[in-house]
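These are the residues of each chain, in order.
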Amino acid sequence: MTPSSHGAGDAVIETARPTGASSAATPPLQRARGEASALVGASRRGQRARSGIRRLHQAGCLKLRFPRLPSDECQAVVINTAGGLTGGDRLALGFELEAGAALTVTTQACERIYRSSGGAAEVELTMRLGQGGTLSYLPQETILFDGGRLARRLTLDAAADSRFLLLESVILGRAAMGETVTEGEIVDRWRIRRDGRLVLAENLRLGGAIGALTARGCTLGGARAFSTLVWQGPEPGAMLRRLRGELREGEGASLVDGLVVARLVAADGYALRKRLWPAVALLAQSPLPLVWSV
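Residues numbered from 1 in each chain as written. Predicted model: local features only at pLDDT ≥ 70, side-chain atom pairs only at ≥ 80, totals over all residues. Heavy atoms only, no water.

(A) Spotlight on the environment of Leu220. Of note, Leu220 is situated in the loop between α1 (210-214) and β16 (225-232). With 46 residues separating them in the primary sequence, Leu220 and Ala266 have C-alpha atoms 8.8 Å apart. (Helix = DSSP H or I, 4+ residues; strand = E, 2+ residues; numbered from the N terminus.)

Right under this line is the structure:
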């Protein structure tokens with residue numbers, strides 16, 4: 001089936017209409033909108049199974065690119081042409097894998113969450129994984145700037161015999177640029193179902209005086225970068241033991257209803273990325289996408 005694409009514009013800009021007595025003095029604000037989704041299927045050529053796009057949709061500031069790879073793997077690179085997010089921006093991503101299909105999803109660059117003049121940037125990610133499917137969702141880090149606000153929702157419906165690795169990483173300001181985050185908000189909501197049954201529900205909120213909050217020992221202990229990884233696959237107990245051998249003090253991994261859930265922390269984004277290389281290589285049983293090394 002030939003892939004189809006909808007929405008040729010690089011960005012959809014909406015103008016907020018000022019209300020109230022001060023509307024004449026309030027400049028109109030531009031907001032970014034983006035949608036992208038893909039259906040990936042598998043086809044056999046002799047003894048080999050090759051995954052490819054069945055259907056593709058993209059609109060507004062979100063684009064999906066599928067680099068040619070020497071292997072039979074299908075890889076999607078998410079591009080936000082808006083160049084970052086701020087309060088009021090909204091993005092929606094969706095991926096569906098048919099039985100036996102394999103897909104790796106990553107991003108062209110780190111996503112930047114800039115200071116908000118009102119409201120939060122919203123990102124919605126919905127994924128469905130069929131029987132025997134394999135999904136690796138490995139975006140590059142999200143960088144929260146001082147005053148930035150982000151609300152994300154991740155929903156995955158997976159078959160019991162599927163394999164997946166989910167990753168989200170957050171950097172609270174770029175240490176190399178002398179940036180600090182004293183105030184802002186990031187909210188992550190994860191819902192994972194296996195054959196329709198809820199197996200993981202997690203809400204994370206860091207808000208208000210983030211700098212003071214993350215300095216506490218019960219949160220990040222002064223670290224400015226952290227990652228969450230969730231893995232499903234065969235022999236989860238054995239994988240948990242192997243992963244714990246890669247972790248350092250202040251990090252941890254647990255088994256939750258057949259899922260391996262791990263937290264990694266680091267002093268800054270560079271140190272976090274070095275920590276992620278061996279952990280992701282172990283869980284995904286493959287190296288990180290090439291765009292990570294650019």
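(B) Local environment of helix α3 (residues 269-284). Compared with the 22 Å implied by 1.5 Å per residue over 16 residues, the 21 Å span of α3 between its first and last C-alpha is a close match. The largest bend in α3 comes to about 30°, at Leu276, with the proline Pro278 one to four residues further on. Among the residues of α3, those classed as buried are Gly269, Leu272, Arg273, Arg275, Leu276, Ala279, Val280, Leu282, Leu283 and Ala284. In this structure, the buried residues of α3 make contact with β10 (134-137), β13 (163-172), β16, α2 (236-244) and β18 (259-266). With a side-chain oxygen positioned 3.2 Å from the backbone nitrogen of Tyr270, the residue opening α3 is Asp268. Just past α3, the residue Gln285 takes up positive phi, approximately 55°. (Expected span 1.5 Å × (residues − 1). Bend = angle between axes of the 7 residues up to and from the residue. Buried < 20%, exposed > 50% of the residue type's maximum accessible area, 1.4 Å probe, protein only. Contact = heavy atoms within 4.5 Å. Polar contact = N/O pair within 3.5 Å; in protein donor to acceptor, adjacent residues only side chain to side chain.)

(C) Local environment of the side chain of Ser136. Its location among the elements puts Ser136 in strand β10. On the basis of relative accessibility, which here comes to 9%, the residue Ser136 falls in the buried class. Leaving out residues up to four positions away in the same chain, Ser136 has contacts with Leu103, Thr104, Val105, Leu165 and Ala284.

(D) How the structure looks around the nonpolar core. With 50 residues, the main nonpolar core has Phe95, Leu135, Phe164, Leu166 and Ile192 as its most contacted residues. Sequence-distant contacts of Ile192, that is, excluding residues within four places in its chain, are made with Leu156, Phe164, Leu166, Arg197, Leu198, Val199, Leu200, Val230 and Leu259. (Core = buried A, V, L, I, M, F, W, Y, C linked by side-chain atoms within 4.5 Å.)

(E) Inspection of the pairing of β13 at higher detail. Where burial is concerned, most of β13 is hidden: 9 out of the 10 residues are buried. Bridge count for β10 against β13 is 4 bridges, and the pairing is parallel. The residue of β13 that forms the bridge with Tyr137 is Leu166. Bridge count for strand β11 (residues 142-144) against β13 is 3 bridges, and the pairing is parallel. Within β13, the residue paired with Leu144 across the bridge is Leu172. Two elements, β13 and β16, share 8 bridges in a ladder whose sense is antiparallel. Bridge pairing links Ser169 to Ser227 in β16. (Pairing = 2+ DSSP bridges.)

Any functional reading would require information that these geometric values do not contain.
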